[in-house]
Amino acid sequence: MAFEAGKIYAVWLREVKRFTNSKARIVSSMGQPILFLVALGGGFSALIPGFNYMAFLLPGIVAMTVMFTSIFAGVSIIWDREFGFLKEMLAAPTSRETIVMGRILGGATTALLQGVLMFVLGMLFTGVAVPPLANILGILVLMTVFSCYLVAAGIAIASVVQEVETFQLLMNFLVMPLFFLSSALFPLEQMPAWLRDISSLNPVSYAIDGMRTLVIGTSHFGLLYDFGVSFGILAIAFAAATYFFNKTSI
Amino acid sequence: MDAVIVDKLEKKFNGFTAVDKISFSMKRGELFGLLGPNGAGKSTTIYMLTTLLKPTSGSATVNGFDIRTDSEAVRKSIGIVFQDPTVDIRLTAYDNLDIHGRLYGMSGQKRKERIKEVLDLVELGEWKDKMVRTFSGGMRRRLEIARGLLHTPEVLFLDEPTLGLDPQTRRHIWQYIEKLRKGGIAMMLTTHYLEEADYLCDRVAIIDRGRIKALDTPRSLKGIIGGNIIRIEAREPQKLAEMLKKSGFCKAPKVDGAVVSFDVKEGGKLVPKIMEAASKAGIEIENIEMRLPSLEDVFIHYTGTSIRAEKSAGGGMMMGRRAHGF
């Protein structure tokens, strides 16, 4: 493996510039999570007296924001293939690992920015208290790991699938189940056993559970598991991304 | 040392031979053309030489570096202008170049200087901070050329540099290419536009179905055909062809629809004689023309088909994917 800092920066810079160049998209991509938070959160909070469901939901919605942006960033290699820019990168005297690394960091940066923005907005809506500094750092670390593995997974998928048509399919059959069949929306303890079992196999549940622990203090798996699983998935996803992206050609 | 040396280079895709053991070399400072219809193997050849595709067999060196074992050194020393657009339309022209420079490991000061130089070269200086999305096809192609030159490569590969551009823009791009030639950079250009190869290239390799059929200067290639080409339209082309053969005007006239054509050494003297012989034989001639051979004639001579006729048929290997766009 060969990483070159200047070239990783070049790939990172491209991701970030593209992101900041489309301010309309930043705003519009916040709309859906906010709607989820307000409508779902507000509605269920009224159904369950004595339980601040909105506060419970917030980490799930932050995770949703990070998730969509991250996977989109990874899978956007499909678009780069379609619109030709992938050739420019593959033809450069730059290792594949460098490109993968730059894209992961670039995608994670944009996802993290949105996640943090969503978090701040969400705290205003839900009245969740600002967590202590150590917790904030923990949340950022977890969000970064979460985002990086999702970008990496997106890269791996985009390297194999290669066709734009499959993009929507991926979003519907992968991203949506990953979100709904996780700990994002409901406390796992109160779910039916089958749903709890499926959600426990879903790595996304751990990232959300960890964030929730650090925000409002209720934990299902325990922080050690949350971080452990997330870092483990990161290692696997990174290996998969480099492996499959190495095999891809123009 | 030649800029590019190709030795029995071959590429197969699932049993289909796209490039069939071709060999040639390109000199330093030369503008070398690969001329052929779509699907002839031009792009595949370029992709192999630029290390984007691995050859099935054979070898090649670019600037003295082996394309199979030293791909990084090859990549550093070449510039590529791809057939399909590859600039990022959601970035400014400047950012496209800046990121390219960084990917090629150019240091800050050098990068800034070169960006200005190449932008001036393709006259995009005042557009540098505009999103490429707002650029016309010709401007985008110019930006691609600027980008291909940014890291001062020794060889520039241009894959169909004027494909899909209107005639005026094409002329414009040709001017840039000529300007570059004067600067001494070696260029390999693929095209299926005969006039482009004829106008620009020092030497042209005619490539068809993965093989090089002829390689020489456009002038010498046209010399192979000989003096003039005579083209006659007649109501009874077969009868006319028979007569031409019998009277010894030519050995093997080609009949295509109502048109009989053949090449001769000195057409000017022959035309009146043919007219006379035809009227004696009672064959009505509707139109007769005489012209100097073009690369099109050379192409037909070597491949047996017109490059235009094949244009729609082939639909190259590498382009297939693009056809599914959304």
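Residues numbered from 1 in each chain as written. Chains lettered and ligands numbered in written order. Predicted model: local features only at pLDDT ≥ 70, side-chain atom pairs only at ≥ 80, totals over all residues. Heavy atoms only, no water.

Asks: Now, about the interface of chain B and chain A: what can you tell me, with residues and values included?
Replies: Between chain B and chain A, the residue contacts involve 31 residues of the former and 28 residues of the latter. Summed over both partners, the interface of chain B with chain A buries about 2,900 Å², with 57% contributed by carbon and sulfur atoms. Where chain B touches chain A, the interface holds five salt bridges. Ionic pairing is found between B:Asp84 and A:Lys87, a salt bridge with its closest N-O pair at 3.3 Å. In this assembly, chain B and chain A are joined by 12 residue pairs in polar contact (both at pLDDT 80 or more). (Contact = heavy atoms within 4.5 Å. Buried area = accessible area lost by both parts, 1.4 Å probe. Salt bridge = Lys/Arg side-chain N within 4 Å of Asp/Glu carboxyl O. Polar contact = N/O pair within 3.5 Å; in protein donor to acceptor, adjacent residues only side chain to side chain.)

Asks: So what's going on with the confidence of the model for chain A? Which residues, and what values?
Replies: With 99% of its residues at a pLDDT of 70 or more, chain A has an overall mean of 91. Confidence scores differ between elements of chain A, with helix 8 (residues 166-180) of chain A showing the lowest mean pLDDT of 84 and helix 11 (residues 223-247) of chain A the highest of 96. (pLDDT = per-residue confidence, 0-100. Helix = DSSP H or I, 4+ residues; strand = E, 2+ residues; numbered from the N terminus.)

Asks: Mind laying out the pairing of strand 7 (residues 155-159) of chain B, listing which residues take part and the relevant values?
Replies: Residues and elements named next belong to chain B. Counting buried residues along strand 7, five of its five residues qualify, which places the element largely inside the surrounding structure. Because side chains alternate across strand 7, one face comprises the buried residues Val 155, Phe 157 and Asp 159, and the other comprises Leu 156 and Leu 158, equally buried. The pairing of strand 6 (residues 78-81) with strand 7 spans four bridges and is parallel. When the sheet's bridge partners are listed, Val 81 is paired in strand 7 with Leu 158. Both strand 7 and strand 8 (residues 186-191) contribute to a ladder of five bridges, which runs parallel. (Buried < 20%, exposed > 50% of the residue type's maximum accessible area, 1.4 Å probe, protein only. Pairing = 2+ DSSP bridges.)

Asks: Explain the layout of surface pockets to me, and be specific about the residues and the numbers.
Replies: Within this model, the largest pocket holds a volume of roughly 890 Å³. What lines the largest pocket is a set of 35 residues, and nearest its centre among them are A:Arg25, A:Phe68, A:Phe72, A:Ala73 and A:Phe167. When contributions to the lining of the largest pocket are tallied by element, the ones reaching two or more residues are helix 1 (5-21), helix 2 (23-47), helix 3 (53-75), helix 4 (77-83), helix 6 (96-126) and helix 8 of chain A. Class assignment of the residues belonging to the lining of the largest pocket gives a composition of 16 nonpolar, 11 polar and eight charged. Of the voids in this model, the second largest pocket is the one considered here, and its volume is about 520 Å³. Lining the second largest pocket are 19 residues; nearest its centre among them are B:Lys254, B:Ser261, B:Phe262, B:Asp297 and B:Ile300. Those elements that provide at least two residues to the lining of the second largest pocket are strand 11 (228-234), strand 12 (254-256), strand 13 (259-264) and helix 11 (295-303) of chain B. Per-class residue counts for the lining of the second largest pocket are nine nonpolar, three polar and seven charged. (1 Å grid on protein atoms, 1.4 Å probe; cavity = no way out; pocket = protein on both sides within 12 Å on 5 of 7 lines; lining within 4 Å. Points joined across faces, edges and corners; volume = space filled by probe spheres on them. Nonpolar A, V, L, I, M, F, W, Y, C, P; charged D, E, K, R; others polar.)

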